[in-house]
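The primary structure of each chain is shown beneath.
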Amino acid sequence: MSDIRKFRRGFRPGHEPEIKAAPMTVIPKVWEPPSQGEDGRIHVLLAVTSIDGFIRWSIAQQMCRAIMANADPACPFHFETLIVNGMRPVEFARNYCRDYFLDKTKCQILQFWDSDQEIPDNWPALFQVDSHVVSGNTFCWVGNEQVGSRLRYNQYSIDEKGECFNIHPMSDVQPFPVPIVGTACMSIRREVFEALGPDPFEMTRYPSGRIRASEDVNFCIKARNQGFNVAVHPGVTFGHVKSIDLLHVAQFSTERCEMYKNEM
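Residues numbered from 1 in each chain as written. Predicted model: local features only at pLDDT ≥ 70, side-chain atom pairs only at ≥ 80, totals over all residues. Heavy atoms only, no water.

Caption draft 1: Representation of the nonpolar core within the structure. Ile188, Val192, Phe193 and Phe219 are the most contacted members of the largest nonpolar core, which totals 32 residues. Here this core takes four residues from helix 5 (residues 215–225), the largest share from any one element. Within the second largest apolar cluster, 24 residues are counted, among which are Ile42, Cys75, Ile109 and Phe238. (Core = buried A, V, L, I, M, F, W, Y, C linked by side-chain atoms within 4.5 Å. Buried < 20%, exposed > 50% of the residue type's maximum accessible area, 1.4 Å probe, protein only. Helix = DSSP H or I, 4+ residues; strand = E, 2+ residues; numbered from the N terminus.)

Given below as C-alpha cells:
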C-alpha cells in the first residue's frame, strides 16, 4: 500500500506552471477534489481495452496491487477493474467502458490503460492533479517519412486549420495543461462523461476515408468545449511497447544527431 500512498501529490499551491493551453470557447469549470463514497474513499475503475486478449505484465501486476490495497484501511482509494477483450472498433470499446463506468459502478474516476502500456508504480499521482482529464507522460512511434518526428509525446494542440500537431512537455516535474492527450493512460472524472452524454468517443474522417481525428482527439475537444480541463503529469511516465523496424530507429537517431550538430 506504500506504493500508492506515497505518490499522492499534485500541484503545490503557488507553484503552478505559468503555461497556457489553447483558448477555450466557454468559461472553465471549477475543479474540485473527487467526492468520496460512503466508505470515505475515492472509487476508481481501472479499464483496459485489448483487441487480442493480451495485456502487458505490469497492467496485471498493478491491478492485483490495487485490488489488494482495497483491504488496507489506510488506502484513500477503492479500486474496481474492467478488461474489455476483442471489441472493435476502438471508439466502440471506449464508449462501452464509459457506459459500464456510469451504469454499473459508483466510481468517480475512470482510468484508461491501453493494453500495450507499461504502468509505473506512481500512477495514482494522476488522481491528485487539479484537472478533470489527466494523462501520464507517454510516447508513440509513427513510422512515416517524417524521420525526425517518428518518436513523439502523446500530447497535442490544434492549428488554425483544425489539424493536430505534436507538442513537447512544458515541464519535467509539474503537471501542465494541454489541449489534447491520448487515451493510452487517461484518467477521466465522472462529471465529464455526464456532461458529454452518450458515445463521447468517435472517429472523424476525410471524404477519402482517411482518419482526420482519432477518438481521443475528439474526446478532448468535446471536453474542453464543455469547460473541462485537460492536463499531463510528466512525473508519471508510462512505457509503450511496440514492434518497430530497427532501421527506422537508426534513421531517427542519425537525423536527430545531425539536427543537434547543426544547432551547435
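Back to the write-up after that little detour.
Caption draft 2: Focus on helix 3 (residues 90–104). The terminal C-alpha atoms of helix 3, which comprises 15 residues, lie 21 Å apart, in line with the 21 Å expected from a rise of 1.5 Å per residue. Among the residues of helix 3, those classed as buried are Glu91, Ala93, Arg94, Asn95, Cys97, Arg98, Phe101 and Leu102. Its buried side turned inward, helix 3 meets strand 1 (42–50), strand 2 (77–85), strand 3 (109–114), helix 4 (190–196) and helix 5. (Expected span 1.5 Å × (residues − 1). Contact = heavy atoms within 4.5 Å.)

Caption draft 3: Representation of the environment of alanine 195. Tracing the chain through its elements places alanine 195 in helix 4. C-alpha of alanine 195 to C-alpha of glycine 227: the two residues are 32 residues apart in sequence and 10.0 Å apart in space. Leaving out residues up to four positions away in the same chain, alanine 195 has contacts with Gln226 and Phe228.

Caption draft 4: View of the sheet that holds strand 11 (residues 180–181). If you walk across this open sheet you meet the three strands as 9-8-11, and the pairing is antiparallel. At either end of the open sheet lies a strand with only one pairing partner, and these are strand 9 (164–166) and strand 11. The pairing of strand 8 (residues 155–158) with strand 11 spans two bridges and is antiparallel. Looking across to strand 11, one finds that tyrosine 156 is bridged to isoleucine 180. (Pairing = 2+ DSSP bridges.)

Caption draft 5: Summary view of the side chain of asparagine 70. Among the secondary structure elements, asparagine 70 is positioned in the loop between helix 2 (57–69) and strand 2. By relative accessible area, asparagine 70 is classed as buried at 17%. Among the polar contacts listed, one links the side chain of asparagine 70 to the backbone nitrogen of phenylalanine 79, at a separation of 2.9 Å. Apart from the residues lying within four places of it in its own chain, the contact partners of asparagine 70 are Arg41, Phe77, His78 and Phe79. (Polar contact = N/O pair within 3.5 Å; in protein donor to acceptor, adjacent residues only side chain to side chain.)

By themselves, these observations are geometric and do not establish any function.
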